[in-house]
Amino acid sequence: MSRRRRIYEGKAKVLFEGPEPGTLVQYFKDDATAFNNRKQGVISGKGVLNNRISEYLMVRLGEIGIATHFVRRLNMREQLIREVEIIPLEVVVRNIAAGSLSKRLGIIEGTPLPRSIVEYYLKNDDLGDPLVSEEHITAFGWAAPQDLDDMMSMSLRVNDYLTGLFLGVGLRLVDFKLEFGRLWENEEMRIVIADEISPDSCRLWDVKTNQKLDKDRFREDLGAVEEAYQEVARRLGILPEGTVGDLTNVQAI
Ligand code: UDP
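Model, not experiment: these values are computed from the prediction. (Residues numbered from 1 in each chain as written. Predicted model: local features only at pLDDT ≥ 70, side-chain atom pairs only at ≥ 80, totals over all residues. Heavy atoms only, no water.)

1. Some words on the sheet that holds strand β2 (residues 13–17)
Ordered in space as β1-β2-β3-β7-β6, the 5 strands form an open sheet in which the pairing is antiparallel. A strand with exactly one partner marks an edge of an open sheet, and here the two such strands are β1 (6–9) and β6 (70–73). Geometrically, the sheet is characterised by an average inter-axis angle of 25° between neighbouring strands, direction not taken into account. Relative to strand β3 (residues 23–28), β2 is paired through 5 bridges, and the arrangement is antiparallel. Bridge pairing in β3 places L15 opposite Q26. Sitting on the sheet, helix α1 (residues 46–63) is in contact with β3, β6 and β7 (78–82), with an inclination near 130° to β6. (Pairing = 2+ DSSP bridges. Helix = DSSP H or I, 4+ residues; strand = E, 2+ residues; numbered from the N terminus. Axes fitted to C-alpha atoms, helices over the stretch in contact; angles between N-to-C directions. Contact = heavy atoms within 4.5 Å.)

2. A short note on the packing of aromatic side chains
The description of an aromatic ring pair uses the distance of the two centres, along with the angle that the planes make with each other. If you walk through the whole model with that rule in mind, you get 1 aromatic pair. An angle of 35° between the planes, with centres 5.3 Å apart, marks the rings of F140 and W142 as tilted. Its guanidinium or amino end placed over the ring of F218, K39 lies 5.1 Å from that ring's centre, counting from NZ or CZ. Sitting over the face of the ring of Y56, R60 holds its NZ or CZ atom 4.7 Å from the ring centroid. (Phe/Tyr/Trp six-rings, centres within 6.5 Å; stacked < 30°, edge-to-face > 60°. Lys NZ or Arg CZ within 6 Å of the ring centre and 35° of its normal.)

3. Some thoughts on the pairing of strand β14 (residues 202–206)
Taken across its 5 residues, β14 has 5 buried, putting it largely inside the fold. Every second residue of β14 is oriented toward a common face, with C202, L204 and D206 on one face and R203 and W205 on the other, all of them buried. Where strand β12 (residues 171–185) lies against β14, 5 bridges are found, and the strand directions are antiparallel. Of the residues in β14, the one forming a bridge with L171 is D206. (Buried < 20%, exposed > 50% of the residue type's maximum accessible area, 1.4 Å probe, protein only.)

4. With respect to unusual backbone geometry
Of note, N36 is a non-glycine position whose phi angle comes to about 50°, a positive value. Relative to the elements of secondary structure, N36 occurs in the loop between β4 (31–34) and β5 (39–42). Here N186, not a glycine, exhibits a phi torsion of approximately 55°, which is positive. Judged by relative accessible area, N186 falls into the exposed class, the value being 77%.

5. So, the nonpolar core
With 47 residues, the main nonpolar core has M151, F166, F180, I193 and I197 as its most contacted residues. With 7 residues, the top contributor of residues to this core is helix α4 (residues 145–167). In contact with F166, other than residues within four places in its own chain, are L57, L171, L173, L204, V232 and L236. Grouped together as the second largest cluster of nonpolar side chains are 5 residues, F16, V25, Y27 and L80 included. (Core = buried A, V, L, I, M, F, W, Y, C linked by side-chain atoms within 4.5 Å.)

6. With respect to the environment of E196
Note on placement: E196 falls in the loop between β13 (188–194) and β14. A sequence separation of 115 residues divides E196 from I81, and the C-alpha atoms of the two residues are 11 Å apart. Each residue touching E196, except ones within four places of it in the same chain, is listed here: K13, F28, N50, S54, M58, K177 and S201. At 2.7 Å, the side chain of E196 forms a polar contact with the side chain of K13. (Polar contact = N/O pair within 3.5 Å; in protein donor to acceptor, adjacent residues only side chain to side chain.)

Here you go:
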């Protein structure tokens, strides 16, 4: 980890200078945070699993023509990515009520939504990532109307595709968060998916039992967090060698 120049350290990942200009190395840590950093912990093995799961999902998205920053996985904890200018928004897509939507609007967790809902949050830890509207985003210049159109249509495509992919392995995609970046090639700019897609950023419930197989196990102290992430990887057929999934401790909700 110390060989390369560190560009940025976040809660769950570190970015290092990449081998060529325009590339970065994304290192996945085992650290976990929730509730805007108020809860902190370590989920042993999480970095290895998220590196693998995010690789798998980004490659699948690439295959259906959705551009991402992902280039290739380098080793157990690192992947090579394209350097992008991160748009300071978190785009959340929801299919079933949970988390902050349930809290804010009093909708019981588990209620299917009448249609998929897309929300934008400003990436700002000091402000606790507040919910913002398209009006705020364009008025303050965080993204242009065309960027927002691109992000919205890409998010809905990702939602349709991942909903089907996860349903195929017995998981319900309750909601998830995407981040986007601007990638310049010659004079052309395009918006690509950045960051990661993993059980840290998705809510995934077992179709039959409603077991939570995502970061809510950490947020809600449900135990067997690593086992839940392993189970997601196992179902996707990508459990790294040498790891044994054991879900006996995972409680139904
Ligand atoms: N999410 C995320 N990072 C954040 C906030 C949310 O990855 O900083 C994900 C979260 O895992 C869930 C979805 O976005 O899959 C919706 O999260 P919600 O707004 O319900 O917030 P939370 O319950 O995490 O406060």
